[in-house]
Amino acid sequence: MKQQTVAETVAGNIRAYRQLRGLEQSALAQRMRAIGIPWRQATVSETERNQRNVSVTELLGLAIALNATVEQFVDTRGPASRVGPQLVLSDQLDEPAAIPFLPSSVTVLVCPHKLYAEVEWGVENDLQGMKIKAVDESAS
C-alpha cells in the first residue's frame, strides 16, 4: 500500500480545502492575518508545496480559515474521504522506525468525538463578519 508522510498529507490537504472553498492563495493569507497569524500569499504557496512546516497554532488557524478540522488536514484520503495511502509518522518514508496508520485510524489519533467548529466568514475575509459555532454531529 502506498504511504505518505504527515507533512505531505497536510500540505496537499491545505491546498485541496483552499481550492474546494474557492479561495485564492492571497485570500487564505488574508484570512490568516485576520485571525492574527502573519501569513502572505508566498507563505500559503510554500506550505502547499511542502516547502514549509506548519506550527500547531497555524494548523488551528487554518482550520478556522478553511472551515475544516485538524482531522481533515491529516487524512490521507483528502476531501473526498474515499481512498488514500497510509499515513506515516515520520519525516521520511524510508525511515526504518516509520509507523504507518490506515486513513481510518487517523480519527482516533486526532478527534475521537464528533464535535466540530463551523466558521462563517464575512465578505472582506476579516474578523468583523466571522462567526464560529460548535456543532455536534451526533445531534443531527
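Above this note sits the structure.
Scoring rules and cut-offs
Residues numbered from 1 in each chain as written. Predicted model: local features only at pLDDT ≥ 70, side-chain atom pairs only at ≥ 80, totals over all residues. Heavy atoms only, no water. Helix = DSSP H or I, 4+ residues; strand = E, 2+ residues; numbered from the N terminus. Buried < 20%, exposed > 50% of the residue type's maximum accessible area, 1.4 Å probe, protein only. Contact = heavy atoms within 4.5 Å. Areas by Shrake-Rupley, 256 points an atom, 1.4 Å probe, with all protein chains shown as cover. Salt bridge = Lys/Arg side-chain N within 4 Å of Asp/Glu carboxyl O. Core = buried A, V, L, I, M, F, W, Y, C linked by side-chain atoms within 4.5 Å. Polar contact = N/O pair within 3.5 Å; in protein donor to acceptor, adjacent residues only side chain to side chain.

Draft legend 1. Up close: the overall build of the protein. In terms of helices and strands, the protein carries six helices and five strands. Each helix and strand of the protein, placed in order from N terminus to C terminus, yields the pattern β-α-α-α-α-α-β-β-α-β-β. Split into buried and exposed, the 140 residues of the protein put 39% on the buried side. Of the contacts formed within the protein by residues at least 6 apart in sequence, a portion of 56% connects residues at least 24 apart. Looking at the protein as shown, the accessible area adds up to about 8,200 Å², and 51% of this sits on carbon and sulfur atoms.

Draft legend 2. Just the pattern of salt bridges, in detail. Under the criterion given, the structure shown has three salt bridges. The salt bridge involving Arg18 is made with Glu48; its shortest N-O contact spans 2.5 Å. Of this pair, Arg18 sits in helix 1 (residues 6-20) while Glu48 sits in helix 3 (residues 41-48), placing them 30 residues apart in sequence. In this structure, Arg18 and Glu48 share a single accessibility class: buried. The partner of Arg52 in a salt bridge is Glu58, with the nearest N and O atoms 2.6 Å apart.

Draft legend 3. Examining the nonpolar core more closely. Among the nonpolar cores identified, the biggest contains 21 residues, and Ile14, Leu28, Met32, Trp39, Leu62, Leu66 and Phe73 are the most heavily contacted of them. Looking at this core element by element, the count peaks at five residues for helix 2 (residues 25-34). Apart from residues lying up to four places away in sequence, Leu62 is in contact with Ile14, Leu28, Met32, Trp39, Val54, Asn67 and Phe73.

Draft legend 4. Representation of the side chain of Gln25. Relative to the helices and strands, Gln25 resides in helix 2. Among the polar contacts made by the side chain of Gln25, one reaches the side chain of Glu48 at a distance of 2.9 Å. Contact partners of Gln25, with chain neighbours within four places excluded, come to Arg18, Gln41, Val44, Ser45 and Glu48.

Shape is all these values report; function is a separate question.
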